[in-house]
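# Fold and geometry: a report
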Amino acid sequence: MGVLAIKPPALDQISLVRSAEPGGGSSSFPGVPAVDLSGPGAAAAVVDACERFGFFKVVNHGVPARVVDRLEAEAASFFARPQAEKDVSGPADPLGYGSKRIGRNGDTGWLEYLLLAVDHHQAAAVSKAGSPVPSSSLLREAVSEYVGAVRGVAARVLEAVAEGLGVAPRDALSGMVSGAASDGVLRVNHYPPCPLLQRLPDSCSVTGFGEHTDPQLVSVLRSNGTPGLQLALRDGRWVPVPPDRDAFFVIVGDSLEVLTNGRLKSVRHRVVANSLKPRVSMIYFAGPAPEQRIAPLPELLGHGEQGVYREFTWGDYKKAAYRSRLGDNRLDPFRRRA
Ligand SMILES: C=C1C[C@]23C[C@@]1(O)CC[C@H]2[C@@]12CCC[C@@](C)(C(=O)O1)[C@H]2[C@@H]3C(=O)O
Ligand SMILES: O=C(O)CCC(=O)C(=O)O
């Protein structure tokens, strides 16, 4: 991935973040839990990691390296194209090719990306009608194959969550993101090296992707070997996540928080730019059908107990999310007040 080059955005357009504390930030962070979904005790391990961190990595996932490498290579060749060619697939609104701007509400980052709708109906075409999609059929095929595989990982994770929480049927959650009308989205991010970082004090970093939670149920993230991802622990401290090319990182999203009545909480994460090496990440956001009701699963509510959040449909929540800024707490307006 050394060949990627984009015209560097002006640094003054991108916000700075205070770097994670030196040495990993937190002595009480034991590291990212690793779960083998087919191993014994997987369901309990998934729930434990989601409760403690809202984050873990899946190892021995069974997705062939060939599928991952193919998308990474096609993404590299897309991002290496001349700017004018990439711009044909943009600007992202919200789908398509984006550079420096994230969403519609003024957020920026040191990156370029492709954001693609990848629900089942669109598996071949990769985009909803009318949204700009790169014309390369090689890229489209690589996306379809990759999404087919990571959608399976998301479903297995959600089955483990249901089992670990004692929810029946086993597909109560996974079924929401596997149906024909489910609203999956894939973003392929390219963070070019940021040499200007060397001029900043050690305590500062440049924002690659600003802090946020994901609105969906879970996100499945794979990155190359370049560091940059950071995670907010429950006490608010930020810790770096060591990259692992062979694993998928799983991130709990807002909708899963509501469905589990706050037992599993969505987790804030962000990416800081790297001064020397490009980072490439592929992140699949497992969203349900627009009509899907997002409300606590009955098993997780006591008799007569009300949910922590007012219920909503995924379609309504998504609409509200797209009106928000990246770092907003999007669940807060839905919290029931005492
Ligand atoms: C600034 C934004 C980008 C985002 C839409 C939003 O207005 C707020 C939520 C953001 C997010 C985070 C997770 C993935 C994503 C695709 C989504 O559903 O919500 C992004 C949106 C985006 O990149 O357009
Ligand atoms: O690049 C990464 O590792 C994370 C990206 C991310 O959080 C996102 O695309 O929403």
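Residues numbered from 1 in each chain as written. Chains lettered and ligands numbered in written order. Predicted model: local features only at pLDDT ≥ 70, side-chain atom pairs only at ≥ 80, totals over all residues. Heavy atoms only, no water.

### Brief notes about the overall build of the chain
The criterion, for reference: Each helix corresponds to a stretch of at least 4 residues labelled H or I by DSSP, and each strand to a stretch of at least 2 residues labelled E; elements are numbered beginning at the N terminus. Partly exposed describes any residue whose relative accessible area lies between the buried limit of under 20% and the exposed limit of over 50%, with all areas from a 1.4 Å probe on protein chains only and scaled to the type maximum. For this analysis, residues touch if any pair of their heavy atoms sits within 4.5 Å. Here, Shrake-Rupley sampling with a 1.4 Å probe gives the accessible areas, and only protein chains in the shown set may cover a residue.
Helix and strand counts for the chain stand at seven helices and 15 strands. Out of the 338 residues belonging to the chain, those deemed buried represent 55%. For the chain, restricting intrachain contacts to residue pairs at least 6 apart in sequence, the fraction spanning at least 24 positions comes to 75%. Carbon together with sulfur atoms contributes 53% to the accessible area of the chain, which is approximately 14200 Å² in total.

### So, the pairing of strand β11 (residues 248–252)
Cut-off, in case you're wondering: Strand pairing follows a simple DSSP-based rule, namely that at least 2 bridges must link the two strands.
Of all five residues in β11, five are buried, a share of seventy percent or more. By the alternation rule, side chains of β11 split into F248, V250 and V252 and F249 and I251, which are all buried. Relative to β11, strand β3 (residues 55–59) runs antiparallel, the two being bridged by four bridges. When the bridges of β11 are listed, V58 appears paired with F248. As judged from the four bridges shared by strand β8 (residues 218–223) and β11, these two strands associate in the antiparallel manner. By the bridge assignment for β11, V220 is matched with V250.

### Let's talk about the site of ligand 2
Note the cut-off: The nearness test applies per residue and asks whether one of its heavy atoms lies within 4 Å of the molecule or strand. Side-chain atoms alone can form a polar contact between residues adjacent in sequence; in general such a contact is a pair of N or O atoms within 3.5 Å, and within protein one must be able to donate a hydrogen while the other accepts it. A 1.4 Å probe that fits into a set of points on a 1 Å grid over the protein atoms alone but cannot get out defines a cavity; an open set with protein on both sides within 12 Å along at least five of seven lines defines a pocket, and lining residues are those with an atom within 4 Å of a point. The way we define it, a molecule is inside a pocket or cavity when more than half of its atoms are within 2 Å of that pocket's grid points. Residues are grouped as follows: nonpolar covers Ala, Val, Leu, Ile, Met, Phe, Trp, Tyr, Cys and Pro; charged covers Asp, Glu, Lys and Arg; every other residue, Gly included, is treated as polar.
Inspection of the region around ligand 2 gives 13 residues, with R187, N189, Y191, R279 and S281 positioned closest. In this structure, R187 approaches ligand 2 through a side-chain N or O atom, which is 2.9 Å from an oxygen atom. With respect to ligand 2, the side chain of S281 contributes an N or O atom lying 2.6 Å from an oxygen atom. Alone, ligand 2 offers 300 Å² of accessible surface; in the complex the protein occludes 100% of this. Taking a 2 Å distance to the grid points as the criterion, the majority of the atoms of ligand 2 fall inside the second largest cavity. Elements supplying a minimum of two residues to the shell around ligand 2: β6 (185–191), β7 (204–212), β12 (269–272) and β13 (279–286). Here the shell around ligand 2 gets four residues from one element, more than from any other, and that element is β13. Split by residue class, the shell around ligand 2 holds seven nonpolar, four polar and two charged.

### A closer look at helix α7 (residues 314–322)
To keep it simple, the criterion reads: Regarding the arc, it is the one traced by the directions from the helix axis to the C-beta atoms.
All of the buried residues in α7 are W314, G315, Y317 and A321. Buried positions in α7, seen along its axis, are confined to an arc of 165 degrees and lie on one side of it. Looking at the packing, one finds that the buried side of α7 touches α6 (254–259), β14 (293–294) and β15 (312–313).

### With respect to the pattern of salt bridges
Under the convention used in this document: Criterion for a salt bridge: a side-chain nitrogen of Lys or Arg within 4 Å of a carboxyl oxygen of Asp or Glu.
Taken as a whole and judged by the stated rule, the model has 18 salt bridges. Note that K57 is salt-bridged to D244, the shortest N-O span being 2.9 Å. On the criterion of sequence distance, the pair formed by K57 in strand β3 and D244 in the loop between β10 (238–240) and β11 is long-range, its members being 187 residues apart. Taken individually, K57 and D244 each receive the classification buried, so the pair is uniform in this respect. Close ionic contact of E72 with R245 constitutes a salt bridge, the shortest N to O distance being 3.9 Å. Of the two residues, E72 sits in helix α2 (residues 65–79) while R245 sits in the loop between β10 and β11, which places them 173 residues apart along the sequence. The class for E72 is buried, based on a relative accessible area of 6%. Residue R245 is classed as partly exposed on the basis of its relative accessible area of 40%. Overlapping salt bridges, with partners in common, bring together R66, R70, E141 and E145 in one network.

### Side note on the UniProt feature "domain: Fe2OG dioxygenase" (unreviewed entry) in the chain
What counts here: UniProt positions are given in the numbering used here, feature names are shortened, and annotations may be inferred rather than shown by experiment.
When the UniProt feature table is mapped to this numbering, "domain: Fe2OG dioxygenase" (unreviewed entry) covers residues 181–288. Helix makes up 6% of residues 181–288 and strand 43%, whereas the separation of the span's terminal C-alpha atoms amounts to 7 Å.

### Some words on the confidence of the model for the chain
Definition in use: One number per residue, pLDDT, summarises how confident the predictor is, and it ranges from 0 to 100.
Summarising the model, the chain shows a mean pLDDT of 89, and 88% of its residues fall at 70 or more. Across residues 1–8 the pLDDT falls below 50, and counting only partners more than four positions away or on other chains, this stretch makes 20 contacts in the model. The model gives residues 22–26 a pLDDT under 50, and that stretch makes eight contacts with residues more than four places away or in other chains. What the predictor reports for the complex is a pTM of 0.93 with an ipTM of 0.99.

### Describing the environment of P333
Following the sequence through the fold, P333 ends up in the segment after α7. For P333, a relative accessible area of 52% translates into the label exposed.

### Brief notes about the site of ligand 1
Looking at ligand 1, there are 17 residues lining it, with R187, Q216, A321, Y322 and S324 nearest. Q216 places a polar side-chain atom, nitrogen or oxygen, 2.9 Å from an oxygen atom of ligand 1. Contact between ligand 1 and Y322: an oxygen atom at 3.3 Å from a side-chain N or O atom of the residue. When isolated, ligand 1 has an accessible area of 460 Å², and the protein chains bury 99% of it. Judged by the proximity of its atoms to the pocket grid, ligand 1 belongs to the largest cavity.

### Comments concerning the packing of aromatic side chains
Keep this limit in mind: Aromatic rings from Phe, Tyr and Trp, taking only the six-membered ring of Trp, are treated as a pair when their centres fall within 6.5 Å; an angle between ring planes under 30 degrees marks them as stacked, one over 60 as edge-to-face, and anything in between as tilted.
If you walk through the whole model with that rule in mind, you get eight aromatic pairs. On the numbers, 5.8 Å between centres and 65 degrees between planes, the contact of F78 with Y97 is edge-to-face. With F78 in helix α2 and Y97 in strand β4 (residues 96–102), this pair connects stretches of sequence that are 19 residues apart. Taking the centre distance of 4.6 Å and the plane angle of 15 degrees together, the rings of F312 and Y317 count as stacked. Comparing F312 with Y317, the two get one shared label, buried. Joined through ring pairs, the aromatic side chains of F312, W314, Y317 and F334 make up one cluster.

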